[in-house]
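Structural overview
Listed here are the chains, written in short residue letters.
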Amino acid sequence: MSQKEIDEIVSEFRKSTCNISDEEVADVIKLCRRKIEITGQTEDYMKLLLPDELKNHCFRMAVNMVSLSRMIRKECGECAVCVL
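About the criteria used
- Residues numbered from 1 in each chain as written.
- Predicted model: local features only at pLDDT ≥ 70, side-chain atom pairs only at ≥ 80, totals over all residues.
- Heavy atoms only, no water.
- pLDDT = per-residue confidence, 0-100.
- Helix = DSSP H or I, 4+ residues; strand = E, 2+ residues; numbered from the N terminus.
- Core = buried A, V, L, I, M, F, W, Y, C linked by side-chain atoms within 4.5 Å.
- Buried < 20%, exposed > 50% of the residue type's maximum accessible area, 1.4 Å probe, protein only.
- Contact = heavy atoms within 4.5 Å.
- Salt bridge = Lys/Arg side-chain N within 4 Å of Asp/Glu carboxyl O.
- Axes fitted to C-alpha atoms, helices over the stretch in contact; angles between N-to-C directions.
- Left-handed = near helix turned anticlockwise from the far one by under 90°.
- Nonpolar A, V, L, I, M, F, W, Y, C, P; charged D, E, K, R; others polar.
- Expected span 1.5 Å × (residues − 1).
- Arc of directions from axis to C-beta.

**Remarks on the confidence of the model for the chain**
Chain-level statistics for the chain give a pLDDT mean of 88 and a share of 90% at 70 or above. Mean pLDDT values for the elements of the chain range from 55 in helix α4 (residues 80–83) up to 96 in helix α2 (residues 22–39).

**Section: the nonpolar core**
Ranked by internal contacts, the top residues of the largest apolar core, which has 16 residues, are Met-46, Leu-50 and Leu-54. At the level of secondary structure, the elements contributing two or more residues to this core comprise α1 (3–16), α2 and α3 (46–76). When near neighbours in sequence (up to four residues on either side) are disregarded, Met-46 contacts Met-1, Ile-29, Cys-32, Arg-33, Ile-36 and Pro-51.

**A few points about the environment of Cys-32**
Relative to the helices and strands, Cys-32 resides in helix α2. Looking at Cys-32, the relative accessible area reads 0%, which means it is buried. Along the chain, Cys-32 and Glu-53 lie 21 residues apart, while their C-alpha atoms are 7.3 Å from each other. Aside from chain neighbours lying at most four places away, what touches Cys-32 is Met-46, Leu-49, Leu-50 and Glu-53.

**So, the pattern of salt bridges**
Summed over all chains, the structure comprises five salt bridges. We note a salt bridge from Arg-33 to Glu-43, for which the minimum N-O separation is 3.9 Å. Pair noted here: Arg-33 is in helix α2 and Glu-43 is in the loop between α2 and α3, with a separation of ten residues, a long-range link. For Arg-33, a relative accessible area of 39% translates into the label partly exposed. A salt bridge links Arg-34 to Glu-37, with the shortest nitrogen-to-oxygen separation between them at 3.0 Å.

**A closer look at the packing of α1 against α3**
Relative orientation of the contacting elements α1 and α3 amounts to 35°, with a least axis distance of 10 Å. By crossing handedness, the relation of α1 to α3 is classed as right-handed. The residues of α3 that touch α1, namely those facing Glu-5, Ile-6, Ile-9, Val-10 and Phe-13, are Lys-47, Leu-50, Pro-51, Leu-54, Lys-55 and Cys-58. Classifying every residue of the contact of α1 with α3 by side-chain character gives eight nonpolar, no polar and three charged.

**Some details on α2**
Helix length check: α2, at 18 residues, gives a terminal C-alpha distance of 26 Å against a target of 26 Å (1.5 Å per residue), a fit within 8%. Along α2, the positions that sit buried rather than exposed are Val-25, Val-28, Ile-29, Cys-32 and Ile-36. All buried residues of α2 project into a common sector of 100° when viewed along the axis, lining one side. Facing away from the buried surface of α2 by more than 90 degrees, the exposed residues are Glu-23, Lys-30, Glu-37 and Ile-38. Along its buried surface, α2 packs onto α1 and α3.

As structure tokens, this is what we get:
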């Protein structure tokens, strides 16, 4: 899969879903390449895998933020920072 095709998938994802940094995208691409290597799939599998892994990354980040928010709220109660 060419870099241009990867850039198109990432660009489309950024337009339709969450904002994701270039560093996060690079990490997701590394993860996809590793999964492709482990499973013995062809490089074309990246077209299917990358959009799903980008979504999974954003979902994990959202879950982590909610969990962190709950931990902070548990520690400090209902202070001005937590209420916002």
